[in-house]
Amino acid sequence: TQLLEQSPQFLSIQEGENLTVYCNSSSVFSSLQWYRQEPGEGPVLLVTVVTGGEVKKLKRLTFQFGDARKDSSLHITAAQPGDTGLYLCAGGTYYGGSQGNLIFGKGTKLSVKP
Amino acid sequence: EADIYQTPRYLVIGTGKKITLECSQTMGHDKMYWYQQDPGMELHLIHYSYGVNSTEKGDLSSESTVSRIRTEHFPLTLESARPSHTSQYLCASSEGFGQIDGYTFGSGTRLTVV
């Protein structure tokens, strides 16, 4: 069974601080995605990374896919209250050479205080 | 403008009632999913469909049923609601297996069974 472990589970910081959240697995994934979910809404896709070692930047957010395609990190610079939410990672899977459903981690709940 | 719609957004019903949660998407996606999520917690896949007349149970045991008679419509039915069914239900769809473009989620239905 493929699992994605996210850490930390909860994170509370002050506005302006930097932070990194992690998504780790013992399995190789064909792609890795990050979503943000705000209270009362569904998750929204932020980014997809597909190549080992790939780094993508989205304004103050930096996403990295591990060289072995087993792990990923999300770094936020100068966090703002609007960054508050649940951050979920999801991995693209293959079973017997065929694509399968995305596997979701349990999420990191981020709270940024003004 | 949402491309995937869930109704109702909120529902409070009595124990034993039959309910149907609606989910419709306008993107022509073949694949659709239902997730159960307690507030701010992990997603649990309860049902999925790869196309018309195709439905499968997910990882989490559920007393609900689904149908897929039309590509755009994927309703979820609880024959006899119980307090243990109280949760947030999220519907999603994807182009292919979503490994590049991800899943598009609806805003969810918050169900409370009293």
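Coordinates for the structure precede this section.
## Let's talk about the overall build of chain B
So, point 1. Helix and strand counts for chain B come out as zero helices and eleven strands.
So, point 2. Scaling as 2.2 N^0.38, a compact globule of 114 residues should have a C-alpha radius of gyration of about 13 Å, and chain B matches this with 13 Å.
So, point 3. Overall, chain B is about 40 × 30 × 25 Å in size when its C-alpha atoms are taken along their principal axes.
So, point 4. Taking the contacts inside chain B whose residues are at least 6 apart along the sequence as the reference set, 55% of them involve residues at least 24 apart.

## Describing the sheet that holds strand 8 (residues 71-76) of chain A
All names here are of chain A.
So, point 1. With antiparallel pairing, five strands are arranged side by side in an open sheet as 1-3-8-7-6. With partners counted over all chains shown, the strands left at the sheet margins are strand 1 (5-7) and strand 6 (55-58), one partner each. Averaged over all pairs of adjacent strands, the angle between strand axes in this sheet comes to 15°, irrespective of strand direction.
So, point 2. Bridge analysis of strand 3 (residues 19-24) against strand 8 gives six bridges, and the strand direction is antiparallel. Residue pairing for strand 8: T20 is matched across the bridge by H75.

## A short note on the nonpolar core
So, point 1. L19(A), L32(A), W34(A), F63(A), L74(A), I76(A) and L110(A) are the most contacted members of the largest nonpolar core, which has 22 residues in total.
So, point 2. For this core, the secondary-structure elements that each account for two or more residues are strand 3, strand 4 (31-37), strand 5 (44-49), strand 7 (61-65), strand 8, strand 9 (85-92) and strand 13 (108-113) of chain A.
So, point 3. Grouped together as the second largest cluster of nonpolar side chains are 17 residues, I19(B), W34(B), A81(B) and L111(B) included.

## Topic: the environment of G92(A)
So, point 1. Assignment of secondary structure puts G92(A) in strand 9.
So, point 2. Since its relative accessible area comes to 0%, G92(A) is described here as buried.
So, point 3. Spatially, the C-alpha atoms of G92(A) and K70(A) are 11 Å apart, while their sequence positions differ by 22 residues.
So, point 4. Apart from residues no more than four positions distant in its own chain, G92(A) is found in contact with F29(A), S30(A), S31(A), L102(A) and Q99(B).

About the thresholds
Residues numbered from 1 in each chain as written. Chains lettered and ligands numbered in written order. Predicted model: local features only at pLDDT ≥ 70, side-chain atom pairs only at ≥ 80, totals over all residues. Heavy atoms only, no water. Helix = DSSP H or I, 4+ residues; strand = E, 2+ residues; numbered from the N terminus. Rg over C-alpha atoms; globule rule 2.2 N^0.38 Å. Contact = heavy atoms within 4.5 Å. Pairing = 2+ DSSP bridges. Axes fitted to C-alpha atoms, helices over the stretch in contact; angles between N-to-C directions. Core = buried A, V, L, I, M, F, W, Y, C linked by side-chain atoms within 4.5 Å. Buried < 20%, exposed > 50% of the residue type's maximum accessible area, 1.4 Å probe, protein only.

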